[in-house]
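A closer look at the structure
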Amino acid sequence: MSDFSPPSSRRRLVGQPLLYAISIFASLGVFLFGYDQGVMSGVITGPYFKQFFNSPGPIEVGTMVAVLELGALATSIAAGRVGDIIGRKGTLFAGAFVFTIGGAIQTFTTGFYVMIVGRVVSGFGVGLLSTIVPIYQSEISPPNHRGALACMEFTGNIVGYATSVWTDYFCSFIDSDLSWRIPLFIQCVIGGILAAGSLVMPESPRWLIDTDQDEAGMRVIVDLHGGDPDDILAKAEFQEIKDKVMEERGESRSYATMWKRYKRRVLLAMSSQAFAQLNGINVISYYAPSVFEEAGWLGRDAVLMTGINAVIYVLSTIPTWYLVDRWGRRFILLSGAVTMGIALALTGWWMYIDVPETPQAVVFCVIVFNAAFGYSWGPIPWLYPPEIMPLSFRSKGVSLSTATNWAFNFIVGETTPYLQEVITWRLYPMHGFYCACSFILVYFLYPETKGVPLEEMDAVFGEEERLDYESEQASLMSNHSSRVSVRSRRSAKSADRGRLSRLLYGNDRSTYQPIGDHEE
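First, a word on what this report is: a plain description of the structure on this page.

Now for the overall build of the protein chain. Scanning the protein chain for helices and strands turns up 23 helices and zero strands. Looking at the 520 residues of the protein chain, the share that counts as buried comes to 57%.

So this is what it looks like as structure tokens:
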């Protein structure tokens, strides 16, 4: 690479201020779909909304809420290819712009079917944003702070949810259709701000290097490391990314190749997002006022209880900023699954016995559940997939995991109103059972990724020896010397691999352990 001299006047933010500014602004993307998840929960219980849509039944309400997930599902699958072609920054702009158009259609809807169109269009934007923001965040974050920054990003999602709930509550005092049109219009304002801001955000350095824009990629890395072009960490990170890109250059990047080589990683990424939904969060997020009404809180009081719950939900996401890079991903997921399962079981029990204390008890159980989710299964499934997927397949792998999120999101959102009427209190222990399943899955199958540079994730999955063996086979070397060559090559590679990791951690490799072949 040629010597790089960054412009001294144009760059204003460097180092941690730049990193945090990027993280906060990118969090507007997750703020948007957090806002969208919550805004409908209060809107659908409002008298003017019900009057305008002629008292919609549970199927109509479920469709209006959940059809957004179908749009998100479609574009989250396409986002992997889009993100590789136009970059992370371009995909961010496209998602924000499309979401804004969808919000405008919802705001000025003339009836049920126009609302459905608006929800689908917004879903297209949400699918792009929910796929590309975690990728973008993981690719600009240093390994020792990657978890914390991703969890801060998730807090933006829940702040969006809480903002929508309180907007619904205050707008419920308006005696006209503006009581539900104003909350929907705010989506357009936030989407417009994100679209404009994405134009001045830097591109992902990993995508730039992968597309042979080495100088631009190095410039972003230097800025993220403080602005000094001679910084040893910046040079080491650039070289490690470049080495990984060249190692993967010329290989097929199709979905079929990804599935063949990284099936375990893809399935783990998809399972994390599936259980994030099956564990019951959208029963609460989309229908919290309905849950509280079912427990005995009526009308505006149900929305108020939802608002109080949302504030605690936001606060519960903050400890994970500090804990995720200390305790690791596994412990947080395991402890969260246990707490959520107990809270859901108790929610169902209190509704079943239906005593005077039930309304207060259900509020307490829902708050505990949301706090546990906000600490664990909320942020980690957005952090884990882009961590474990290699650069050449990161967009595609994350697009599949995000598509899984929206597919299960749709299933839960569409069926919840119906199940609330048919199986009533049994709905909550049913999702508690899924929490138990997620505990078992994480305990036996999820490796720890705390502190591991993205370019060294092969070692976490014990794949270095397998990939080296495949390379040796492809070179048509003799069978009797193959094993010797693999061992010597792996030894040489381990000495050369992980420049950034060695600079960050020295010889300490205790932050992760490869998975042995017997565990595959």
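A contiguous nonpolar patch, built from Phe93, Phe97, Ile101, Leu199 and Val200 and spanning about 500 Å² of accessible area, is present on the exposed surface. Relative to the assigned elements, Phe93 resides in helix α3 (residues 58–107).

Moving on, we get to the packing of helix α4 (residues 112–140) against helix α18 (residues 394–422). Between α4 and α18, the least distance of the axes is 9 Å, while the angle of their chain directions is 135 degrees. Here α4 is positioned oblique relative to α18, judged by the angle of their axes. Between α4 and α18 the crossing geometry is right-handed. Each of Val126, Gly127, Ser130, Thr131, Ile135, Ser138 and Glu139 in α4 lies in contact with α18, whose residues at this interface are Arg394, Ser395, Val398, Ser399, Thr402 and Trp406. Within the contact of α4 with α18, the residues separate by chemical class into four nonpolar, seven polar and two charged.

With that settled, consider the environment of Val314. Along the chain, Val314 falls in helix α13 (residues 300–317). Accessibility expressed as a relative area gives 14% for Val314, which makes it buried. Each C-alpha atom, one on Val314 and one on Phe154, is 9.5 Å from the other, the two residues being 160 residues apart in sequence. Excluding residues that lie within four positions of it along the chain, Val314 makes contacts with Thr155, Ile158, Val159 and Ala162.

Right, let's get into the environment of Gln37. Inspection of the secondary structure puts Gln37 in helix α1 (residues 15–43). Look at Gln37 and you get buried, because its relative accessible area is 12%. C-alpha of Gln37 to C-alpha of Asn282: the two residues are 245 residues apart in sequence and 8.3 Å apart in space.

Turning our eyes to something else, we now look at the nonpolar core. Grouped together as the largest cluster of nonpolar side chains are 109 residues, with contacts concentrated most on Phe49, Val291 and Trp377. Among the elements that line this core, the one with the most residues is α1, at 12 residues. Not counting residues within four places of it along the chain, the set of residues in contact with Trp377 comprises Ser272, Phe275, Ala276, Asn279, Leu333, Gly336, Ala337, Met340, Ala372, Ser438 and Val442. One finds Ile209, Ile221, Phe238 and Val245 within the second-largest nonpolar core, a separate group that totals nine residues.

Cut-offs used in this document
Residue numbering note: each chain is counted from 1, following its sequence as written. Local features in this predicted model are restricted to residues whose pLDDT is 70 or higher, and side-chain atom pairs enter the listing and the counts only when it is 80 or higher, whereas totals over whole chains, interfaces and linings include all residues. The basis for the side-chain values is all heavy atoms of the structure; hydrogens and waters are excluded. Helix and strand labels come from DSSP, where a helix needs a run of H or I of at least four residues and a strand needs a run of E of at least two; each type is numbered from the N terminus. Categorising residues by exposure relies on relative accessible area from a 1.4 Å probe, with only protein chains included: less than 20% of the type maximum marks a residue as buried, more than 50% marks it as exposed, and the intermediate range marks it as partly exposed. Within the patch definition used here, like charges are joined within 9 Å and nonpolar side chains (Val, Leu, Ile, Met, Phe, Trp, Tyr) within 5 Å, considering only residues with over 30% relative accessible area and no salt bridge. The Shrake-Rupley method, run with a 1.4 Å probe sphere, supplies the accessible areas, and residue values consider only the shown protein chains as cover. Whenever a carboxyl oxygen of Asp or Glu lies within 4 Å of a side-chain nitrogen of Lys or Arg, that contact is scored as a salt bridge. Lines are fitted to the C-alpha atoms to define the axes, a helix being fitted only along its stretch in contact, and any angle between axes, read from their N-to-C directions, falls within 0 to 180 degrees. Our angle categories are set so that under 35 degrees counts as roughly parallel, over 145 as roughly antiparallel, 65 to 115 as roughly perpendicular, and the remainder as oblique. For any pair of crossing helices, the crossing counts as left-handed if the nearer helix is rotated counterclockwise from the farther one by less than a right angle, and right-handed if it is rotated clockwise. Contacts are residue-level and defined by heavy atoms, with any inter-residue pair within 4.5 Å sufficient. As a working rule, the residues Ala, Val, Leu, Ile, Met, Phe, Trp, Tyr, Cys and Pro are called nonpolar, Asp, Glu, Lys and Arg charged, and the rest polar, with Gly in that last group. Think of a nonpolar core as a cluster: buried Ala, Val, Leu, Ile, Met, Phe, Trp, Tyr and Cys residues, connected wherever their side-chain atoms sit within 4.5 Å.

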